[in-house]
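# Understanding the architecture of this molecule
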Amino acid sequence: MKKTWLVGVLVVIMIGVVAAGLALVYFLPLDLRERSPLQPIDFSHKLHAGTNAIPCLFCHRSATRSPVAGIPAVADCRACHQFISPDAPEIRKLMGYWDRREPIPWVRGHALPDFVYFPHMMHIRAKLACSTCHGEVAAMERVTRTASLKMGWCLGCHRQHKASIDCWTCHI
Amino acid sequence: MEKITSPYKWGMVIDLDRCTGCGACVVACQAENNVAICAKKEINEGRNMHWLRIERFWVGEYPDVRGRFLPVLCQHCHDAPCEPVCPVYASYHNPDGLNGQVYNRCVGTRYCGNNCPYAVRVFNFYDHEHAWPKPLDNQLSPDITVRSRGVMEKCTFCIQRIRRAKEEAKGEGRLIRDGEVQPACAQTCPSEALVFGNMADPASRAARLARSPRRFRLLEHLGTHPSVYYLKGGGREHV
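If you're wondering where the values come from, they're calculated on a predicted model, not measured in any experiment. (Residues numbered from 1 in each chain as written. Chains lettered and ligands numbered in written order. Predicted model: local features only at pLDDT ≥ 70, side-chain atom pairs only at ≥ 80, totals over all residues. Heavy atoms only, no water.)

## Description of the overall build of chain A
Within chain A, the secondary structure is distributed over nine helices and zero strands. Element order for chain A, N to C, with α for helix and β for strand: α-α-α-α-α-α-α-α-α. Its C-alpha atoms give chain A a radius of gyration of 23 Å, more than 25% over the compact-globule value 16 Å for 172 residues. Oriented by its inertia axes, the alpha-carbon framework of chain A measures out at about 85 × 45 × 30 Å. Here the contacts in chain A between residues at least 6 apart in sequence split such that 65% fall between residues at least 24 apart. A total accessible area of about 12,000 Å² is found for chain A, and carbon and sulfur atoms account for 68% of it. Averaged over its 20 positive side-chain charges, chain A has a centre that lies 8 Å from the centre of its 12 negative ones. (Helix = DSSP H or I, 4+ residues; strand = E, 2+ residues; numbered from the N terminus. Rg over C-alpha atoms; globule rule 2.2 N^0.38 Å. Contact = heavy atoms within 4.5 Å. Areas by Shrake-Rupley, 256 points an atom, 1.4 Å probe, with all protein chains shown as cover. Lys, Arg positive; Asp, Glu negative; His and termini not counted. Charge placed at Lys NZ, Arg CZ, Asp CG, Glu CD.)

Structure (structure tokens):
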């Protein structure tokens, strides 16, 4: 008799724990995606964009005319680094990719789901700074995502700038 | 909230006297819009995926029998039966007069498909990850979503092309010109039976054709006010 009572209490506690866990997942802004993924090459945006003040669009040049900003080709990296510190260990890694004719497997930090259409060129055309969404990349050693990239965050800006908030603008 | 207005009301005119039923539009649509390729089993169950189909009718008595073809796509109704039945507003009316379908909002109740009198909405009954065996997956368009299982989908008048044309037009500070944008079906049609255009512009080719006395709309008596006009007759039907 006593044991059945104990089992009942345990079951109630377990249900409570599960419900509390689900409630936490629902209410807390849990974002389990990696914000600052480890990259195959220790590329420093701080050195390139910060210290050397190379504009973002020098390397990510498709951003002005295409939906994707693009990553520069290994040939572009090599063009400079044939002459600029070619003996540094990270540059040797880069040249290794060039010699093996492999693309560098960069890890994407700002990934959007498949059902989101985000045109970079429209946002550049609207004179938005890259740092509005990407944060102060020029001060980052390794790129870290600062924005949530959630729909509410997009809409806040779209409303403020009187941009289209029709569903089919982004979800096509 | 202020109402969103638009200078566009997209529409299409389909000249049935020009349609030869070749099916090029069906193939073009399938290739353009990442429409899943269905297995034999799925088609046997009546769960095939097409955003655009060609209905075939036989008219006349033997030996004078003729085939009549009717391309049926989403009619983008102005009073669409699919819209009010969606419990999550995944099916909605766009300011450009299109019936939108927001895949990430859709929970798969299939009410919209059941309420559509034209039966042009198709449901992803299966996970179609396997629908594009290598190297077919290379032809998937990156501009639009690859729909997952449990999501309703339908013709969008190739919204990705409309978006791209709008982006170009906005860059040049103008409106989209007539004929600048056309869906894959209209582009492919060898006899130019399908004409796409802005119905809000009375001078556009589609709007002029839509004023033809040969026009009719599918199931007009239902009062759905479709954006797709059909042309037929005018003394040129032989049977």
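Continuing now.
## Observations regarding the overall build of chain B
Regarding its fold elements, chain B presents six helices and ten strands. What you see for chain B is a C-alpha radius of gyration of 18 Å, in line with the 18 Å of a compact globule of 239 residues. Its C-alpha atoms put chain B at 50 × 50 × 35 Å along the principal axes. Here the contacts in chain B between residues at least 6 apart in sequence split such that 66% fall between residues at least 24 apart. About 12,200 Å² of surface is accessible on chain B, with carbon and sulfur atoms providing 52% of the total.

## Some words on the sheet that holds strand β10 (residues 228–231) of chain B
Residues and elements named next belong to chain B. Taken together, the four strands give an open sheet; going across it, the order is β8-β1-β10-β9, and neighbouring strands pair in mixed fashion. Sheet topology places β8 (194–198) and β9 (215–216) at the edges, where each strand pairs with a single neighbour. Pairing of strand β1 (residues 10–15) with β10 involves four bridges; the strand directions are parallel. When the sheet's bridge partners are listed, M12 is paired in β10 with V228. (Pairing = 2+ DSSP bridges.)

## Overview of the packing of aromatic side chains
Summed over all chains, the structure comprises six aromatic pairs over all chains. Seen from the ring of Y97(A), R100(A) lies directly overhead, with NZ or CZ sitting 5.1 Å from the centre. The side chain of R47(B) reaches across the aromatic face of F125(B), ending 4.0 Å from its centre. (Phe/Tyr/Trp six-rings, centres within 6.5 Å; stacked < 30°, edge-to-face > 60°. Lys NZ or Arg CZ within 6 Å of the ring centre and 35° of its normal.)

## So, the interface of chain A and chain B
Between chain A and chain B, the contact holds 16 residues from the first and 27 residues from the second. Surface buried jointly by chain A and chain B totals about 1,800 Å² across both partners, of which 63% is contributed by carbon and sulfur atoms. Summed over the shared surface of chain A and chain B, the result is zero salt bridges. Put simply, the parts of the chain that give the side of chain A that touches chain B at least two residues each are α6 (120–125) and α9 (167–170) of chain A. (Buried area = accessible area lost by both parts, 1.4 Å probe. Salt bridge = Lys/Arg side-chain N within 4 Å of Asp/Glu carboxyl O.)

## Digging into the layout of surface pockets
It is the rolling of a water-molecule-sized probe over the atoms that shows where space remains empty. Residues and elements named next belong to chain B. Volume-wise, the second largest pocket comes out at about 320 Å³. If you go around the second largest pocket, you meet 18 residues; those closest to its centre are N48, A119, R121, V122 and F123. Of all the elements in the fold, those that place two or more residues in the lining of the second largest pocket are α3 (111–115) and β6 (122–123). A breakdown of the residues in the lining of the second largest pocket according to their chemical character gives nine nonpolar, five polar and four charged. (1 Å grid on protein atoms, 1.4 Å probe; cavity = no way out; pocket = protein on both sides within 12 Å on 5 of 7 lines; lining within 4 Å. Points joined across faces, edges and corners; volume = space filled by probe spheres on them. Nonpolar A, V, L, I, M, F, W, Y, C, P; charged D, E, K, R; others polar.)

## Describing the environment of C106(B)
Residues and elements named next belong to chain B. Take C106: it is sitting in the loop between β5 (99–101) and α3. Using a relative accessible area of 15% as the deciding quantity, one classes C106 as buried. The residues contacting C106, other than those within four sequence positions of it, are V88, A90, Q101, G150, V151 and M152. (Buried < 20%, exposed > 50% of the residue type's maximum accessible area, 1.4 Å probe, protein only.)

## Side note on the pattern of salt bridges
All told, the structure shown has 20 salt bridges over all chains when counted by the stated rule. Close ionic contact of K93(A) with E90(A) constitutes a salt bridge, the shortest N to O distance being 3.4 Å. Linking K93(A) with E90(A), this pair stays in helix α5 (residues 89–100), spanning three residues, or about one helical turn. One salt bridge in this structure joins E55(B) and R53(B), with 2.6 Å as the shortest N-O distance. Using a relative accessible area of 25% as the deciding quantity, one classes E55(B) as partly exposed. We classify R53(B) as partly exposed; its relative accessible area is 25%. Salt bridges linked by common partners bring D15(B), D17(B), R18(B) and R214(B) together as one network.

## Let's talk about the pairing of strand β2 (residues 53–59) of chain B
All names here are of chain B. Sheet topology note: the β2/strand β3 (residues 66–72) ladder contains seven bridges and is antiparallel. Bridged to W58 within β3 is G67. Counting the residues in the hairpin turn of β2 and β3 gives six residues, including G60, whose phi is positive at 95 degrees.

## As for unusual backbone geometry
That bond from Y62(B) to P63(B) is cis: its omega, 5 degrees, falls within 30 degrees of zero. Note on placement: P63(B) falls in the loop between β2 and β3. Residue K134(B) is joined to P135(B) through a cis peptide bond whose omega torsion reads 0 degrees. Mapping P135(B) onto the fold places it in the loop between β6 and β7 (152–153). At K127(A), a residue that is not glycine, the phi angle is positive and equals roughly 60 degrees. Assignment of secondary structure puts K127(A) in the loop between α6 and α7 (131–134).

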